[in-house]
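Breakdown of the fold
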Amino acid sequence: MPIYLDYNATAPIRPEAVTRMQEILAFPANPSSAHRFGREAKKHLEQARKIIADAVSAWPNEVIFTASGTEANVTALRGIPGRRILVSAVEHSSVIRHPSSLIPVTPSGLIDLAALDAMLADGAPALVSVMLANNETGVIQPIHEAGAICKKHHALLHCDAVQALGKIPVDFGALGVDMMTIGGHKCGGPVGAAALIVRRDLPITPLLAGGGQESRRRAGTENLPAIAGFAAAVENIDFDHMRRLRGWLDGMEKAMSPEGIIFGAQAPRLPNTSCVAMPGVSGEVQLMDFDLKGFAVSAGSACSSGRIEASHVLAAMGVDKSLASCAIRISGGWRTAKQDIDAFTETWRQTRSRLAKTRQAMNE
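Across the interface, helix 1 (residues 15-25) lies against helix 9 (residues 224-235) with an axial gap of 8 Å and an inter-helix angle of 150°. With respect to their mutual orientation, helix 1 and helix 9 come out roughly antiparallel. Between helix 1 and helix 9 the crossing geometry is right-handed. Residues E16, A17, R20, M21, I24 and L25 of helix 1 pack against L224, P225, A226, A228, G229, A232, A233 and E235 of helix 9. Across the contact of helix 1 with helix 9, the residue classes tally to ten nonpolar, one polar and three charged.

Laid out in structure tokens, this is it:
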């Protein structure tokens with residue numbers, strides 16, 4: 001049985017989400033319809049909105065449902081016109097590819113708060129976007145501190161929390177942000193449901209215009225089955241399992257030492273993520289080797305064509321390009337067991353030993 005360790009790409013859907021989606025799929029579900037089926041659909045939509053709002057300590061009317069985290073991110077960045085955009089150098093491609101100024105990060109992957117303060121010092125209206133947790137390294141950013149700096153300079157702060165939801169507690173109010181992106185398929189929900197949380201007193205221009213759905217903030221019939229599955233996944237988040245998973249990954253990283261290099265090891269990280277380099281062996285070669293041995297992991301950033309691109313995250317951390325090309329990401333989740341991590345650890349060590357012997361023989 002293959003072992004899946006690529007939850008940061010997408011998590012296996014939880015059975016509770018499947019059950020909830022099947023219930024919704026059993027009847028015509030357009031929440032905008034005025035008849036009894038529409039009213040029933042609307043009831044389920046608002047129940048899901050409240051579940052998700054409660055999970056991140058937001059008000060239900062602050063939740064705008066979207067089709068993806070990318071759509072939510074783009075809505076946040078385009079929905080507040082008249083402001084220059086500053087984003088951290090390690091953001092997701094849906095954020096970093098917008099015209100913007102890049103906020104540098106330290107070698108540990110944490111945002112340079114002094115640099116952010118200096119970049120906002122001229123007082124020009126600004127919108128800042130900093131992710132809560134990085135999808136490649138798992139590094140958790142000091143969002144509360146960044147928010148304090150933004151407030152000092154009257155800047156708005158958006159936070160992409162897609163990778164954090166379900167792995168660490170996410171509190172919209174406590175983070176001190178104005179907008180926050182979350183998504184379903186990284187925490188056991190289906191692909192096709194995400195949300196942008198927007199502070200109640202902050203007007204936002206819709207990215208999609210048309211009907212009056214989502215209080216006229218996002219046109220288009222809501223994908224109710226996916227939204228309901230998203231809410232079911234959120235209801236079944238298990239932080240105790242995540243804490244156990246962090247312990248298993250810590251043991252894995254210790255076993256890989258000193259041959260393996262762990263990126264972001266000096267910073268707070270998600271409990272499910274390790275980004276490790278096997279020096280001298282490209283991540284692409286490792287990915288194929290592990291795939292043949294029954295392990296699904298990630299190497300670099302996969303673009304839509306399936307090719308592996310150089311990691312802009314590791315480059316921003318100052319990692320040498322040749323070493324960065326040797327990195328892979330191991331990310332577990334709700335279905336990961338200790339024996340999965342132990343099996344991968346032993347396979348990694350065997351692969352490292354075998355390839356090292358091969359290189360030695362070639363050099364003799």
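After presenting the structure, the write-up continues.
Glancing now at the side chain of S94. Summarising the element assignment, S94 is placed in helix 4 (residues 93-96). Taking the relative accessible area as the measure of exposure, S94 reaches 7% and is therefore buried. One polar contact links S94 to H92, side chain to side chain, over a distance of 2.9 Å. Ignoring sequence-local partners within four residues, the contact set of S94 consists of T70, N73, V74 and L77.

Our focus in this paragraph is the nonpolar core. Ranked by size, the top nonpolar core spans 52 residues in total, and within it L116, L120, V128, L132, M180 and I182 carry the most contacts. With eight residues, the single largest contributor to this core is helix 9. For V128, the residues in contact, after removing those within four places along its chain, are L86, I103, L116, L120, C150, A155, L156, L157 and H158. Counting 22 residues, the second-largest nonpolar core is a separate cluster that includes L249, I262, M278 and A299.

Now for the packing of aromatic side chains. For the structure shown, the criterion picks out three aromatic pairs. By way of ring pairs, the aromatic residues F290, F295 and F344 are connected into one cluster. Positioned above the aromatic ring of W334 is the side chain of R14, whose terminal nitrogen or guanidinium carbon lies 4.7 Å from the ring centre.

So, about helix 10 (residues 239-256). Its 18 residues give helix 10 an end-to-end C-alpha distance of 26 Å, which sits within 8% of 26 Å, the value for a rise of 1.5 Å per residue. Three or more residues of helix 10 are buried, namely H241, M242, L245, R246, W248, L249, M252, E253 and M256. At the N-terminal boundary of helix 10, the capping side chain belongs to D238, with an oxygen 3.1 Å from the backbone nitrogen of D240.

This paragraph deals with the packing of helix 5 (residues 113-120) against helix 6 (residues 143-152). Helix-helix packing is characterised by the crossing angle of the two axes and by the distance between the axes. For the pair helix 5 and helix 6, interaxial distance at closest approach is 10 Å and the crossing angle is 15°. Considering their axes alone, helix 5 and helix 6 lie roughly parallel with respect to each other. For the pair helix 5 and helix 6, the crossing hand works out as right-handed. Listed contacts from helix 6 to L113, L116, D117 and L120 of helix 5 are E145, A146, I149, C150 and K152.

Okay, the sheet that holds strand 3 (residues 84-88) next. With mixed pairing, seven strands are arranged side by side in an open sheet as 2-8-7-6-5-3-4. Edge positions in the sheet fall to strand 2 (63-66) and strand 4 (101-103), since each has one partner strand and no second. Pairs of neighbouring strands in the sheet enclose a mean axial angle of 20°, with direction left out of account. Sheet topology note: the strand 3/strand 4 ladder contains three bridges and is parallel. Counterpart to L86 in the pairing with strand 4 is S101. Sheet strands touched by helix 2 (residues 36-55): strand 2 and strand 7 (179-183). Its angle to strand 2, the strand with the most contacts, is close to 115°.

Considering the arrangement of structural elements, one finds M317 in the loop between helix 12 (312-316) and helix 13 (321-324). M317 sits in the buried class, given a relative accessible area of 6%. Spatially, the C-alpha atoms of M317 and F263 are 9.0 Å apart, while their sequence positions differ by 54 residues. With near-sequence residues (within four places) excluded, M317 lies in contact with V105, T106, P107, S108, G109, T137, F263 and G264.

Quick look at unusual backbone geometry now. Of the consecutive residues S257 and P258, the connecting peptide bond is found in the cis state with omega at 0°. Relative to the elements of secondary structure, P258 occurs in the loop between helix 10 and strand 9 (261-262). The backbone of S57 shows a phi angle near 55°, a positive value even though the residue is not glycine. Here S57 shows up in the loop between helix 2 and strand 2. On the accessibility criterion, S57 (41% relative accessible area) is partly exposed. A positive phi angle, close to 50°, is found at E214, a residue other than glycine. Here E214 shows up in helix 8 (residues 213-216). Overall, the relative accessible area of 4% leaves E214 in the buried class.

Basis of the calculations
- Residues numbered from 1 in each chain as written.
- Predicted model: local features only at pLDDT ≥ 70, side-chain atom pairs only at ≥ 80, totals over all residues.
- Heavy atoms only, no water.
- Axes fitted to C-alpha atoms, helices over the stretch in contact; angles between N-to-C directions.
- Helix = DSSP H or I, 4+ residues; strand = E, 2+ residues; numbered from the N terminus.
- Parallel < 35°, antiparallel > 145°, perpendicular 65-115°, else oblique.
- Left-handed = near helix turned anticlockwise from the far one by under 90°.
- Contact = heavy atoms within 4.5 Å.
- Nonpolar A, V, L, I, M, F, W, Y, C, P; charged D, E, K, R; others polar.
- Buried < 20%, exposed > 50% of the residue type's maximum accessible area, 1.4 Å probe, protein only.
- Polar contact = N/O pair within 3.5 Å; in protein donor to acceptor, adjacent residues only side chain to side chain.
- Core = buried A, V, L, I, M, F, W, Y, C linked by side-chain atoms within 4.5 Å.
- Phe/Tyr/Trp six-rings, centres within 6.5 Å; stacked < 30°, edge-to-face > 60°.
- Lys NZ or Arg CZ within 6 Å of the ring centre and 35° of its normal.
- Expected span 1.5 Å × (residues − 1).
- Pairing = 2+ DSSP bridges.

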